[in-house]
Amino acid sequence: MTCVTPPLAGRAADWFRAQARDLPWRRPGTTPWGVLVSEFMLQQTPVARVAPVWERWMTEWPTPSALAAASRADVLRAWGKLGYPRRAMRLHAAAEAIASEHGDRVPSDVDVLESLPGIGSYTARAVAAFGYGRRAPVVDTNVRRVVARAVHGAGDAGPARTKADLADVDALLPESDAEAAVVSAALMELGAVVCTARTPRCTLCPVHADCAWVAAGRPEYTGPRRPVQGFAGTDRQVRGRLLDVLRAAEEPVEKPALDAVWSDGPQRDRCLDSLLVDGLAEQTTDGRFVLGGTTPGARD
DNA sequence: GACTCGTGGTT
DNA sequence: TAACCAAGAGT
């Protein structure tokens, strides 16, 4: 039987092969581990901020076991200000699991990947597709927007419909593993550089002729919008400030130094406690505070 | 399903 | 300038 790649997917793939951005983790020779690291870092964080951190990270920890052997403090310092530092802890934990339970080899099976810390539906499929060239429907915010417009003719993606979203993307993928992986990358790239949230560049779009949204006259999105998360005054901001002090410190920090970053005492203490619970900070026996927590790799 | 978890560039 | 947005995951 003949199974022809849908025009939309085929055009997106051709466009991607012709002019994909030259991102560090797309270079030939990038290992599945490199892909996994990039996907962790790219969760909710822009490409431009991730790139330099990824480069240094892969030089220092080129394998899961190498990262597993590092201390939490070193991992958190290398993570720097990428944000959501719990991701760094989860990546560290995933590396430990991969090193000890999977022979230091990143799993290629989506279900196995999803069982690892910090790896959800998106990251598991991204690793399968971009790390191993497998056919896997990769659904992120970019892809959901591209599908919402090009396929459904809507102005934007509504709230996530996990199962339906996966099915929508699956329907676009050709049978071949290698070609499907390219289409997955292409859909993400389209959403990232052409079919963007605010001002889509439809005149540059390779699937312009196949786009249901364009055909419908680019109607505005009318569905519900998730309220943008505030930041000023939140626990996230306070935790960020506390962690910033600990990251910069070369020696254990006295409590007053942490007290100085936020005037609201109860909130400050609650946040510090949450950092301890998350393993992002630790209290020494003499009552001071340090980055990270105890790990096998920690020395002196 | 709603909420939480960082950070900083862009509009 | 305040709002918006950025390759999500866990609870």
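Residues numbered from 1 in each chain as written. Chains lettered and ligands numbered in written order. Predicted model: local features only at pLDDT ≥ 70, side-chain atom pairs only at ≥ 80, totals over all residues. Heavy atoms only, no water.

**Student:** Hey, could you run me through the protein's contact with DNA strand C in this one?
**Tutor:** Taken together, 26 residues form the shell around DNA strand C, and within it Leu 42, Gly 118, Thr 123, Asp 140 and Asn 142 come nearest. Within 4 Å of the protein, the atoms of DNA strand C are drawn from sugar and phosphate moieties in a proportion of 67%. In this structure, a phosphate oxygen belonging to DNA strand C sits 3.0 Å away from a main-chain N or O atom of Gly 120. Looking at the surface near DNA strand C, the elements with two or more residues in it are helix H2 (32–42), helix H8 (121–132), helix H9 (141–151) and helix H11 (177–193). (Near = heavy atom within 4 Å. Polar contact = N/O pair within 3.5 Å; in protein donor to acceptor, adjacent residues only side chain to side chain. Helix = DSSP H or I, 4+ residues; strand = E, 2+ residues; numbered from the N terminus.)

**Student:** Please explain the side chain of Glu 39 as it appears in this structure.
**Tutor:** Checked against the element boundaries, Glu 39 lands in helix H2. Arg 26 is the oppositely charged side chain nearest to the buried, salt-bridge-free Glu 39, at an N-O distance of 8.0 Å. Excluding anything up to four places from it in sequence, Glu 39 contacts Tyr 122, Thr 123, Ala 126 and Phe 130. (Buried < 20%, exposed > 50% of the residue type's maximum accessible area, 1.4 Å probe, protein only. Lys, Arg positive; Asp, Glu negative; His and termini not counted. Salt bridge = Lys/Arg side-chain N within 4 Å of Asp/Glu carboxyl O. Contact = heavy atoms within 4.5 Å.)

**Student:** Is there a simple way to explain the pattern of salt bridges in this structure?
**Tutor:** Working definition: two side chains of opposite charge can pair if their charged atoms are close together. For the structure on display, the rule yields 20 salt bridges. Of the charged contacts in the structure, one is a salt bridge between Arg 239 and Asp 278, with a shortest N-O distance of 2.9 Å. With Arg 239 in helix H13 (residues 235–248) and Asp 278 in the loop between helix H15 (265–277) and strand E1 (281–283), this residue pair connects regions lying 39 residues apart in the sequence. Lys 255 serves as the salt-bridge partner of Asp 269, at 3.2 Å between the closest nitrogen and oxygen. Of the two residues, Asp 269 is situated in helix H15 and Lys 255 in helix H14 (residues 255–259); the sequence distance between them amounts to 14 residues. On the accessibility criterion, Lys 255 (27% relative accessible area) is partly exposed. Bridged by salt links that share partners, the residues Lys 255, Asp 259, Arg 268 and Asp 269 form one connected network.

**Student:** I keep staring at unusual backbone geometry and nothing clicks. Help me out?
**Tutor:** The phi torsion of most residues other than glycine is negative, and most of the peptide bonds are trans. With a phi close to 70 degrees, Gln 44 is a non-glycine residue in the positive phi region. Within the fold, Gln 44 resides in the loop between H2 and helix H3 (47–60). Positive phi, close to 50 degrees, is recorded for Arg 218, a residue that is not glycine.

**Student:** Got a minute to help me understand the packing of H2 against helix H6 (residues 86–101) in this structure?
**Tutor:** Helix packing geometry: the angle between the two helix axes and the distance between the axes. Running from amino to carboxyl end, H2 crosses H6 at an angle of 155 degrees, the nearest separation of the two axes being 10 Å. Here H2 lies roughly antiparallel to H6, going by the angle between them. The interaxial crossing formed by H2 with H6 has right-handed handedness. In contact with Trp 33, Leu 36, Val 37, Phe 40, Met 41 and Leu 42 of H2, H6 contributes Arg 87, Arg 90, Leu 91, Ala 94, Ala 95 and Ile 98. Split into classes, the residues belonging to the contact of H2 with H6 amount to ten nonpolar, no polar and two charged. (Axes fitted to C-alpha atoms, helices over the stretch in contact; angles between N-to-C directions. Parallel < 35°, antiparallel > 145°, perpendicular 65-115°, else oblique. Left-handed = near helix turned anticlockwise from the far one by under 90°. Nonpolar A, V, L, I, M, F, W, Y, C, P; charged D, E, K, R; others polar.)

**Student:** How should the protein's contact with DNA strand B be read in this particular structure?
**Tutor:** Neighbouring DNA strand B are 17 residues, the closest being Pro 85, Gln 229, Phe 231, Arg 239 and Gly 240. Note that a base nitrogen of DNA strand B is positioned 2.9 Å from one of the side-chain N or O atoms of Thr 45. Within the backbone of Tyr 84, an N or O atom sits 2.8 Å from a sugar or linking oxygen of DNA strand B. Among the elements that take part in the surface near DNA strand B, H13 stands out by supplying five residues, more than any other. Of the residues assigned to the surface near DNA strand B, the class counts are four nonpolar, five polar and eight charged.

**Student:** It is not clear to me how the UniProt feature "domain: HhH-GPD" (unreviewed entry) in chain A should be interpreted in this structure. Could you clarify?
**Tutor:** Feature annotation in UniProt assigns "domain: HhH-GPD" (unreviewed entry) to the following positions: residues 41–193. The distance from the first to the last C-alpha atom of residues 41–193 is 19 Å, and the span holds 66% helix and 0% strand. (UniProt positions renumbered as here; feature names shortened; annotations may be inferred.)

**Student:** How should I be thinking about the state of the cysteines in this particular structure?
**Tutor:** As used here, a disulfide is simply a covalent bond connecting the sulfur atoms of two cysteines. Enumeration according to the criterion identifies zero disulfides in this entry. Of the cysteine sulfurs around Cys 202, a residue in no disulfide, the closest is that of Cys 211, at 6.3 Å. We classify Cys 202 as buried; its relative accessible area is 13%. (Disulfide = S-S within 2.5 Å.)

**Student:** Looking at this structure, I do not really get the environment of Val 37. What am I missing?
**Tutor:** With respect to the helices, strands and loops of the structure, Val 37 is situated in helix H2. Residue Val 37 is classed as buried on the basis of its relative accessible area, which comes to 0%. C-alpha of Val 37 to C-alpha of Ala 88: the two residues are 51 residues apart in sequence and 9.5 Å apart in space. Aside from chain neighbours lying at most four places away, what touches Val 37 is Trp 54, Trp 57, Met 58 and Leu 91.

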